[in-house]
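Take a look at the letters that make up each chain.
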Amino acid sequence: MATDPLYVALDLHVRYQKGDILGYFLAWISILPLYTSVMFFSHFVYHREIHSLFISIGLQIAMFLALLLKISIKQQRPKTCVSLETCNTYGWPSQHTTLTFFLAAYLTLSAIFKSNNNGKQKWIVALSSLSLAFLTMYSRVYLGYHTVSQVIGGAFVGSSCGAVWFWMVNCVFLYYFPAIEKSFIGRILHLKDTSHIQNMLRSGYDNARASRKNSEQKCI
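Residues numbered from 1 in each chain as written. Predicted model: local features only at pLDDT ≥ 70, side-chain atom pairs only at ≥ 80, totals over all residues. Heavy atoms only, no water.

### Let's talk about unusual backbone geometry
The cut-off we apply is this: Runs of H or I in DSSP of at least four residues are treated as helices and runs of E of at least two as strands, each being numbered from the N terminus.
A cis amide bond, omega -5°, links Trp92 with the succeeding residue Pro93. With respect to the helices and strands, Pro93 occurs in the loop between helix 3 (81-84) and helix 4 (95-113). One non-glycine residue, Lys74, lies in positive phi territory at about 60°. Turning to its location among the elements, Lys74 is positioned in the loop between helix 2 (50-73) and helix 3.

Below, the structure written as structure tokens:
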């Protein structure tokens, strides 16, 4: 299929109409969820925190569920799929919207029930994640990749998965984190359970300063 000359391809094959400044902005918003999922996995690889691993697992489960629903329901994308070259895939629910609303639900619930930050900081986390989710939902419709019903479906699937996964991680899996940390695999991969630490930011700061102080040597 020939590429529509009226559309410009951004990274990861997201397209927007030439000269459309808002479309260019929303195209970047549209691909942010994919970078966010990579960010969470990278955070796990670098810090080896078990909680980060479970968030990444939850993201993959939500994405797989959305893909399974797409294949099962087989709802066609809007007519703009011809110009965007996406008519060979189905539209309900939107996977991009599913991903962002999963994160928005999980992070919002974490800010409300698990964070020890003050009320203002909790609102900042919640509003930031929800704003990104709604912007992503709008971008998928504006750019022509999905219909309104398809992004609403993605929002429902994502937020539902995020809420359920938050409950499972913090009310079920959390009690197995110490065992995972002490397991053979946990010791090899240096996995760590930080769920008992009240303020991770302060703890990391204090540990870094203490480590530097202990490693200081006098010049001979």
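### Re the state of the cysteines
Note on terminology: disulfide describes a covalent bond linking the sulfur atoms of two cysteines. Short version of the rule: Throughout, a disulfide means two cysteine sulfur atoms within 2.5 Å of one another. Categorising residues by exposure relies on relative accessible area from a 1.4 Å probe, with only protein chains included: less than 20% of the type maximum marks a residue as buried, more than 50% marks it as exposed, and the intermediate range marks it as partly exposed.
The tally for this structure, following the rule as stated, stands at one disulfide. At a sulfur-sulfur separation of 1.9 Å, the disulfide partner of Cys81 is Cys87. A torsion of 85° about the S-S bond marks the disulfide between Cys81 and Cys87 as right-handed. A relative accessible area of 31% means that Cys87 is categorised as partly exposed.

### Re a nonpolar patch on the surface
Where we set the bar: Two joining distances apply to patches: 9 Å for like charges and 5 Å for nonpolar side chains (Val, Leu, Ile, Met, Phe, Trp, Tyr), and every residue must have over 30% relative accessible area and no salt bridge. Note on areas: Shrake-Rupley with a 1.4 Å probe; residue coverage comes only from the protein chains shown. The term salt bridge refers to a side-chain nitrogen of Lys or Arg lying within 4 Å of a carboxyl oxygen of Asp or Glu.
A grouping of Leu22, Phe25, Leu135, Tyr138 and Tyr142 is seen on the molecular surface, where their side chains present a nonpolar patch of about 450 Å² in accessible area. Secondary structure elements with two or more residues in the nonpolar patch: helix 1 (21-47) and helix 5 (119-142). Take the nonpolar patch: its biggest share by element is three residues, from helix 5. Looking at the secondary structure, you find Leu135 in helix 5. On the accessibility criterion, Leu135 (33% relative accessible area) is partly exposed.

### A look at the packing of aromatic side chains
Quick reminder of the rule: Within 6.5 Å between ring centres, the rings of Phe, Tyr and Trp (the latter by its six-membered ring) count as paired, and their orientation is classed by plane angle as stacked under 30 degrees, edge-to-face over 60, tilted in between.
Counting across every chain of the model gives eight aromatic pairs. Ring centres of Phe101 and Phe134 lie 5.2 Å apart, and the angle between their planes is 80°; on these two criteria the pair is classed as edge-to-face. Pair noted here: Phe101 is in helix 4 and Phe134 is in helix 5, with a separation of 33 residues, a long-range link. With 5.4 Å between their ring centres and 80° between their planes, Tyr106 and Phe166 make a pair best called edge-to-face. Taken together, the residues Tyr106 in helix 4 and Phe166 in helix 6 (residues 148-171) connect sequence positions 60 residues apart. Taking the relative accessible area as the measure of exposure, Tyr106 reaches 1% and is therefore buried. Of the residues examined, Phe166 reaches a relative accessible area of 9% and is grouped as buried. Three or more aromatic residues joined by ring pairs make a cluster, and in this case those are Phe54, Trp165, Phe173 and Phe177.

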